[in-house]
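Observations on the model geometry
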Amino acid sequence: MAFWRRKTHIEEERHVKANAWDYNENFSYADNHIKTSKYNVLTFLPINLFEQFQRVANAYFLLLLILQLIPGISSLSWFTTIVPLVLVLVITAVKDATDDFFRYKSDQQVNNRQSQVLINGSLQNEKWMKIRVGDIIKLENNQFVAADILLLSSSEPYGLCYIETAELDGETNLKVRQALTITSDFGDISKLMDFDGEVICEPPNNKLDKFTGTLHLRDSKHPLDNENLLLRGCVLRNTEWCFGMVIFAGLQTKLMQNCGRTTFKRTSIDKLMNTLVLWIFAFLICMGVVLAIGNTLWESWTGRNFQVFLPWDDFQSSAVFSGFLTFWSYIIILNTVMPISLYVSVEVLRLGHSYFINWDQRMYHSQTNTAAEARTTTLNEELGQVEYVFSDKTGTLTQNIMVFKKCSINGQTYGDVYDEFKQKGEITEKTDCVDFSFNPLYDRGFKFYDGRLVEAIKLEDPAEQDFFRLLALCHTVMPEEKSEGHLVYQAQSPDEGALVTAARNFGFVFRTRTPETITLCELGRAVTYQLLAILDFNNVRKRMSVIVRNPQGQITLYSKGADTIIFDLLDPSSQDLMYTTSEHLNGFAGEGLRTLALAYKDLDEDYFEIWMKKLISASTVIENREDQLAVLYEEIEQGLKLLGATAIEDKLQDGVPETIASLALADIKIWVLTGDKLETAMNIGYSCHMLRDDMNEVFVISGHTLLEVQQQLRSAKEQILGLSRVSSAGDVEKAEMFADGSVYEETIIAEYALVINGHSLAHAMEPQLEHVLLDLACLCKTVICCRVTPMQKAQVVELVKRHKRAVTLAIGDGANDVSMIKTAHIGVGISGQEGMQAVLASDYSFAQFRYLRRLLLVHGRWSYFRMCNFLWYFFYKNFAFTLVHFWYGFFCGFSAQTVYDQWFITLFNIVYTSLPVLAMGLFDQDVSDQNSLHYPSLYKPGQQNLFFNKRQFFLCTLQGVSTSSLLFFIPYAAFSVLVKEDGSYISDQHVFAVTIATSLVIVVTVQIGLDTHYWTVVNHFFVWGSLIVYFAILFAMQSDGMFGIFTSSYPFVGTARNCLSEKSVWLVILLTSVVCVVPGMAVSFLTVELFPTLTDKVRHVQQFRRRQGPQEQSLRRVRRTSSHRSAYAFSHQQGYGELITSGKNMKMSTPSSTGSPGRTPQSSTWIENMLKRKNAVSCVSDESTGAPAKTD
C-alpha cells in the first residue's frame, strides 16, 4: 500500500514476546531512536520558509516585492525590498537551524549511548537507537535505563533492585523494584535465551506511576504492575546488575510520552504586531485609495491639459485606469510605514537580550558551575508580563535534603546556641559545630551546634539515650557498609535517613539488619536487638512502631509519628511532659521545621505473646485484613510514654521565601503543582511563607466524588465572597453573579489559600466545574495542587491560559514537569543533580529557583520596557518618514513621485536611524537593576500591557502623522517666500527634498535622545555618529564624482552643497525641528510633574542616590510564626516494613534454617524460610582503614 494511504493503527493493548524479533516486528512498534529536532538537510529549507511566511509581515513584504517587479507601477527599485527581506529570512533561518542543530546533537548523544543486549546467545554492546521491543538487555550499577523494561532478575536477593528516579520526578531518594518470582533466578545467559514469555499490557501512555499487564509463561499467568517496571531515565543504584525485557522503546516510553508536543511559542507582542500589520495594511490601502481617487480626478480635470508635455503610456486608456495604477504605485511608496527592517531589528534585540541573560554573573551558580541560559531568543519580552508562575516542589523549591536541626528530650530543648549572657544567638557559617570525634563512626557531613546534647549523651543520661536508641531502631532504612566503618544509608525518604544519621552521630549507630535482628553500636558497644514486629506507617496511622527485644530479654515498643496522633496514645503519667513538649513543638513549627513525637512502651512477655497470636491470625484473613491489623496496632500502641520530639529542616533552596515574597509584591501569583502528598505540600507552603497562620482561611479540597468536590468548591467560594449558600432550588441569579469572575472578585482584600489533591482535581477539571475551580483559585492568594500527575499539571496551566488570557510561566526540574513546561507560555528548567529532562524542554534554565526573581523583575522587565520603547519609536519615525509622501501627493498631481532621493529611502531605516534605536532597545533602562528588585511593583505595568498596546500605537501614529505634516508644510510654506541672498528662488524639488530629509533625521535623532533614559558610550556613539554618517553620505552621494560615475543613479548632483550653504535653509531646518520636538517635550515634562508614575518617582530617588552607588537590597529574611505542625518523616508511600520482615531485600552470607537465640515461636511467621546474615559485627572501626561514613 502506498505510504499516503497508510492508516495509523491505534494500539489498544501491547503484545511483546521475549527473544522473538520476527513476532514483535509484526506490530511495527517504535524503535529506541528518539528525535526532538524538527528538521533534516532535505526538509529544512521548505519547512523553515513555510513557517516564516506564516508570519503576516513576511507574506506582506513578499507581495510588495512582486509589485515592485512590475515596471508599470513601481517607482522604487526592487532591491529596496528584496535585500532586507532576504536578510530577515536568512537571519531567522540561521537562528532556527542553530537551535535545531543543538537539539540534534543532544539526540545523537542519547541515541549513541551503549547498552548490553542479548543477541545470538551472547551479550553484545549495542547503541540505544538500535534496541527493539522484546530485546533482553543487561544493566549495571549506575547505568541509565535505556528503555521501559520489565525487570526479570538482578544481583540482589529475590530479584530486587534499587533505582533513582531523579530524571523523572526530581527525587534523589532510592526506590525499590522487584522481579516476579518466576523470573528472579534468570541470572545466566542460557535461561534468558530460553525465556519465551509473552507480555500483554497497556498501550504506551504517560502515566509514570501506573502500569498494568500480564506475563504469560509456561501455561501460567502472572500479574504485572509498576513495581516490576524500570522506566527509561532511571538510574540503577546499589545493584550490581539486572536483566530486563524491553516493553516500550524510544518515543513510546513513558519518559518521552511525558515530553508533550513541542509547540511554537509566540509572545503577546508578536500577536499584537500581527494585528498591527493588518491595521497598517488597511491604513495603507485607505491612503492608496484616497491618492488613487485624487489621481483619477486630477487626470480628468487637470492632467488632460498636460497631454502634450506628459503623454500617457500606451497601455493607459483612461483616467480611471491611471488611478488604478497609481494606487499600486503608492502602495509601494508608502510601504515603508511598516519596514521589514523592523523585524531584523526585533530579532537582533531579542538575541542581545538573550546574551545579557547568559552573561549575568548574578545568575551564575558557582557550586555547580552552571550559568543561566536563554535557550530560546523569542520570548524575552514575555518575561516582563508574567502573571502566573506554576512551580514544582521537590528539586525546585526544595533541595530534597533533610537536616536534623533541633529536638526536645524529656522537656529540654536542644539545638540553639547561647552566648556568655545566656542569650539565644543566631547560627551562622562562623558558628562552631559540635565535635563528634569521640565517635569513630560519625558522619563528617552532619552538623549540630548545641554541645549540651553531646555532654548529656556522654554522661549516659537515660532519657537522651532512649531518645536516640528509638531513632536508631524505629525505621525501615537499609544500611550498606562498603568498607569497615564506611556506612551508607538507603532510605525511602530523606527525612527518615536524617533521623538515623542523627542517632549515628550521637553514638547510636545503626550498623546492620536481618529480617529478625537490628544491630546497633551504642557508644562503642555492639548491641543486637531481636526484631519482633514492624507496625508500618501509612497515611491513616501517621505513625510507625517497632517491637524489639533487647539482649536482657526486655520487650519494648518504640513509636514515632505525628504529635497529634502520639499524644492521644500517651499514658496519663506523661501528661505534664506532653504540655511542655507541645510548647516546644509550637516553637519548632514556627521556624518551619518538620516535627515528630517519639514515645515508647515496655511490654509484658505474656501480653505480647497473646497479641502476636492475634496478629498472625489477622494477617491470614482475606476480608478487611487492613482494618483488623489497624485495630491490633492501635491496641498495643496504647499507654505510651513520651520521650520527646524531633525537628527536621526540609531544606529550601537558597532565597526561596524571599523570591516568593518579592514576586508576590509584583502581583505574580505562584501556584505549586506537586506529586507529593498533602501534608508535605502544605508544610513547604508554610516554609515558603505561601501559607501563613494569619490567612483568613486555608481551603482543603479533598472530595472523592464529583458532587463532594462541587460542594466544597462552591462552599469555599461563597465563604470568600460573603454570600449565603445558594440552594439547589432557587436563588440562581445570586449564583450567576459570581460564577464568571465578576469585578467583585478583584476587590477581595482578605487572604485565602486553596489546597487541592489530585483525585479531587480530576473532578474539578470537568467542564461543569472548571470555571468554579478557576474562579476560586483566582480569589486565593496561594494555590497548592498536590498528588497531581504530569498531565494534570499541564491541564491546570492550560486552564489558566485558556480562560484568564494571562502570561504563564512553568518552572520544574524533572521529566514529570516537561508537559507543564511546554504548555506554559514560558518554560523554565532547573538544572542540577535532578536530571536534564526539564532543561532540554525549557525556554530558559538556571541552577536555583531564586534566580527566577532576577530573570523576571530585571531581565524580563527590561526586555519588555526596551522592546516597547523600541516599537513606539520605530513606528513613530516611520510614520513621520513615510507620510510626507502622502502630503506631497496633493501637490504633485498624485503622480506617485517620491519626495526624497531614492538612496535616502533605501538607507533611512538601514543606516541613518537603525543603530540609535538598536542601542536604545539593547541598553536603555528606566531604573537600575537594584531598584527593579527593591521595588517589585515596577513590574505591574508589564502585566497590564501598558507600555505598548493598541492605544499606545494609536498615539505614536498620531504623533508620527503630525510630525510628518509639520515636516512637509513648514518647509513648503517657507520655500514659497524664501529667496537666496542674490534674490533668486531656491524652491526646486531637490532642495525641498534635502531640507525635509535633513529635518527628519535631526528630529528623529533628537527624539531618540529625549526618549533614552540610560546613556552609555554606545548610545552616544550611535546617536551622534548617525548624524555624522548622514551628512557624510549626503554630500558624497550628491557630489560631482558620484554623478560622473553613475549618472542615472544620482540625479541630486550638487544639491546638498548648494542648499546647505544657505543660512535660510538652516533656519528652516531649525524651525521645523523645534516645532516638531518641543510639543512632545512639554507633554512629557508636564505628565511627569503632574501625574508621576512609580517609575518616575523611583528614577527621581535614583538620581539623588547615583553618587552613593546604591547597593542591591534584598528582602529581609522573615522567620515564619506558625503553629502549623508537620509530622511526617516518612515516605510518600507505605514503608519498607513488610519487605524487611520478609527478608527479601537481605543479602545472605551463609544459609541457615535456625532462628536467632531467644526468638519466640510467635514471630516465626515474619521470617519463615528466610536466610539471615550473621549478627557478629565489629562495632568500632579502625580509623586507619577508611574515612568516617557518609550518609546519602
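How each quantity is defined
Residues numbered from 1 in each chain as written. Predicted model: local features only at pLDDT ≥ 70, side-chain atom pairs only at ≥ 80, totals over all residues. Heavy atoms only, no water. UniProt positions renumbered as here; feature names shortened; annotations may be inferred. Pairing = 2+ DSSP bridges. Helix = DSSP H or I, 4+ residues; strand = E, 2+ residues; numbered from the N terminus. Phe/Tyr/Trp six-rings, centres within 6.5 Å; stacked < 30°, edge-to-face > 60°. Buried < 20%, exposed > 50% of the residue type's maximum accessible area, 1.4 Å probe, protein only. Polar contact = N/O pair within 3.5 Å; in protein donor to acceptor, adjacent residues only side chain to side chain. Contact = heavy atoms within 4.5 Å. 1 Å grid on protein atoms, 1.4 Å probe; cavity = no way out; pocket = protein on both sides within 12 Å on 5 of 7 lines; lining within 4 Å. Points joined across faces, edges and corners; volume = space filled by probe spheres on them. Nonpolar A, V, L, I, M, F, W, Y, C, P; charged D, E, K, R; others polar.

- Going by what an unreviewed UniProt entry lists, the chain is known as Phospholipid-transporting ATPase and is assigned to Pogonophryne albipinna.
- Among the UniProt annotations of the chain, the heading Sequence similarities (unreviewed entry) holds the following wording: "Belongs to the cation transport ATPase (P-type) (TC 3.A.3) family. Type IV subfamily."
- What the UniProt record of the chain gives under Cofactor (unreviewed entry) is the line "Mg(2+)".

Some details on the pairing of strand β3 (residues 122-127)
- Pairing between strand β2 (residues 114-119) and β3: six bridges, direction antiparallel. Bridge pairing in β3 links Gln 116 to Asn 125.
- The hairpin formed by β2 and β3 contains two residues between the paired strands, and Asn 120 there has a positive phi angle of roughly 50 degrees.

Describing the packing of aromatic side chains
- The full count for this structure, using the stated rule, is 65 aromatic pairs.
- Judged by centre distance (5.6 Å) and plane angle (45 degrees), the ring pair of Phe 904 and Phe 908 falls under tilted. Separated by four residues within a single helix, Phe 904 and Phe 908 lie in helix α28 (residues 902-912), roughly one turn from each other. Accessibility assignment for this pair places Phe 904 and Phe 908 in one class, buried.

Some remarks on the UniProt feature "binding site: Mg(2+)" (unreviewed entry) in the chain
- Summarizing the sequence annotation, UniProt attributes the feature "binding site: Mg(2+)" (unreviewed entry) to Asp 392, Thr 394, Asp 813 and Asp 817 in the numbering used throughout.
- When its relative accessible area of 2% is taken as the criterion, Asp 392 is described as buried.
- A distance of 3.4 Å separates the side chain of Asp 392 from the side chain of Lys 793, its partner in a polar contact.
- In this fold, Asp 817 is placed in the loop between β33 (807-812) and α25 (818-823).
- Contacts of Asp 817, omitting those with residues within four sequence positions, involve Asp 392, Lys 793 and Gly 812.

Topic: unusual backbone geometry
- The backbone phi angle of Asn 19 is positive, close to 55 degrees, even though this residue is not glycine.
- Not every positive phi belongs to a glycine, and Arg 787 is a case in point at roughly 55 degrees.
- Structurally, the position occupied by Arg 787 is in the loop between β32 (782-786) and α24 (790-804).

So, helix α18 (residues 656-665)
- Counting buried positions along α18 gives seven out of ten residues, so the element sits mostly inside the fold.
- Along α18, the positions that sit buried rather than exposed are Val 656, Pro 657, Glu 658, Thr 659, Ile 660, Ser 662 and Leu 663.
- Turning to α18, the residues buried within the fold contact β28 (641-652), β29 (669-673), α19 (678-687), α27 (851-889) and α30 (929-934).
- At the exit of α18 stands Asp 667, carrying a positive phi of roughly 65 degrees.

Description of empty space enclosed by the protein
- Following the criterion strictly, the structure yields eight cavities of 30 Å³ or more and no others.
- The volume enclosed by the second largest cavity comes to roughly 120 Å³.
- Lining the second largest cavity are 14 residues; nearest its centre among them are Asp 901, Phe 904, Tyr 912, Leu 1034 and Gln 1038.
- At the level of secondary structure, the elements contributing two or more residues to the lining of the second largest cavity comprise α28, α33 (989-1011) and α34 (1017-1037).
- Among the elements that line the lining of the second largest cavity, the one with the most residues is α34, at four residues.
- Among the residues making up the lining of the second largest cavity, the classes are represented as twelve nonpolar, one polar and one charged.

Here we look at α19
- Counting buried residues along α19, nine of its ten residues qualify, which places the element largely inside the surrounding structure.
- Where α19 is concerned, the buried positions are Leu 678, Thr 680, Ala 681, Met 682, Asn 683, Ile 684, Gly 685, Tyr 686 and Ser 687.
- Residue His 689 follows α19 closely and has a positive phi angle near 70 degrees.

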